[in-house]
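As a plain string of letters, each chain reads:
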Amino acid sequence: MKILVINGPNLNLLGEREPNVYGNETLNSINEELSAKAEKMGYELEFFQSNSEGELIDALHASRLDCAGVILNAGAYTHYSYAIRDAISAIKIPVVEVHLSNVNSRDEFRKTSVIAPVCAGTIAGFGKYSYHLALDALGYRFSKEKK
Ligand code: DQA
């Protein structure tokens, strides 16, 4: 079973970008740890990062062909991209919205997620463990579907 982990704009700079908010770890190191966890759970992870809205939409479209679910940190697009929201509702697999930071305790504009209503759920505020919790959430969902 394959799960796609998508990271949006500016997340390629993790490790150097506002470490007080996003931590010191690079995206590669976060992804490697997540991959190891997924392997133990019996899932295969694929990773995609882009700073471009269209590329994120293309990745969401492609995921429907061979993935069971998606973990998505859409970065700032979360707060205003109706195009990404539409792409999520166009595909039938579950998409879990993830944020490293607690978006509800920051700037006013970060409190709005236009993608949340079409996602399976949202996890925010646990740093890199937000991705781990999203993986657990998908695992739980898949195990329930089997029964
Ligand atoms: C973020 C939160 C967004 O508001 C911000 O624009 C990001 C990262 C997070 O992971 O906390 O780029 O998605």
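Our subject in this report is the structure included herewith. (Residues numbered from 1 in each chain as written. Predicted model: local features only at pLDDT ≥ 70, side-chain atom pairs only at ≥ 80, totals over all residues. Heavy atoms only, no water.)

1. Some remarks on helix H3 (residues 53-66)
What counts is decided by this rule: Burial here depends on accessible area, computed with a 1.4 Å probe over protein chains only, as a share of the maximum for the residue type. Under 20% is buried, over 50% is exposed, and the range in between is partly exposed. The secondary structure listing takes helices from DSSP runs of H or I that are at least 4 residues long and strands from runs of E that are at least 2 residues long, numbered from the N terminus. This arc is taken over the directions from the axis of the helix to the C-beta atoms. Should any heavy atoms of two residues lie within 4.5 Å, those residues are considered in contact.
Regarding H3, the residues found buried are Leu56, Ile57, Ala59, Leu60 and Ser63. For H3, the angular spread of the buried residues around the axis is 160 degrees, confining them to a single face. Those residues of H3 that are exposed and aimed more than 90 degrees away from the buried face are Asp58 and Leu65. Its buried side turned inward, H3 meets strand S1 (2-7), strand S2 (44-49), strand S3 (69-73), helix H4 (82-90) and strand S4 (95-99).

2. Examining the environment of Val96
Position of Val96 relative to the elements: it lies in strand S4. As a C-alpha pair, Val96 and Cys119 span 23 residues in sequence and 5.7 Å in three-dimensional space. When near neighbours in sequence (up to four residues on either side) are disregarded, Val96 contacts Val70, Ile71, Leu72, Gly121, Ile123, Ala134 and Leu138.

3. Structural notes on the site of the ligand
Just so we agree on the cut-off: A cutoff of 4 Å decides nearness: a residue is near a molecule or strand if any of its heavy atoms lies inside that distance of it. Polar contacts, as counted here, are pairs of nitrogen or oxygen atoms within 3.5 Å of one another; within protein the pair requires one atom able to donate a hydrogen and one able to accept it, and residues that are adjacent in sequence qualify only if both atoms are side-chain atoms. Here, Shrake-Rupley sampling with a 1.4 Å probe gives the accessible areas, and only protein chains in the shown set may cover a residue. For this classification, the nonpolar set comprises Ala, Val, Leu, Ile, Met, Phe, Trp, Tyr, Cys and Pro, the charged set comprises Asp, Glu, Lys and Arg, and every other residue, Gly included, is treated as polar.
Residues in close proximity to the ligand include Pro9, Arg17, Tyr22, Asn73, Gly75, Ala76, His79, His99, Leu100, Ser101, Val103 and Arg110, which together make up its full environment. Between an oxygen atom of the ligand and a side-chain N or O atom of Arg17, the distance comes to 3.0 Å. At a separation of 2.8 Å, an oxygen atom of the ligand approaches a polar side-chain atom of His99. Notes on the ligand: free accessible area 330 Å², of which the protein chains cover 99%. Of the residues that constitute the shell around the ligand, the class distribution is 5 nonpolar, 5 polar and 2 charged.

4. Quick look at the sheet that holds S2
Backbone hydrogen bonds are what pair the strands of a sheet, in a parallel or an antiparallel way. For the record, the criterion: Two strands make a pair as long as DSSP finds a minimum of two bridges between them. Only C-alpha atoms enter the line fits that serve as axes; for helices the fit covers just the stretch in contact. Angles between N-to-C directions range over 0 to 180 degrees.
Spatial ordering of the open sheet is given by S2-S1-S3-S4-S5, a layout of 5 strands whose pairing is parallel. Only two strands of the sheet have a single partner each, and these edge strands are S2 and strand S5 (121-124). The mean inter-strand angle of the sheet, taken between neighbouring strand axes irrespective of direction, is 20 degrees. Sheet analysis places S1 next to S2, joined by 6 bridges and oriented parallel. What sits directly across from Asn7, in S2, is Gln49. Helix H5 (residues 129-146) rests against S1, S2, S3, S4 and S5 of the sheet, and its axis sits at about 155 degrees to S3.

As far as function goes, none of this settles anything; it's purely spatial.
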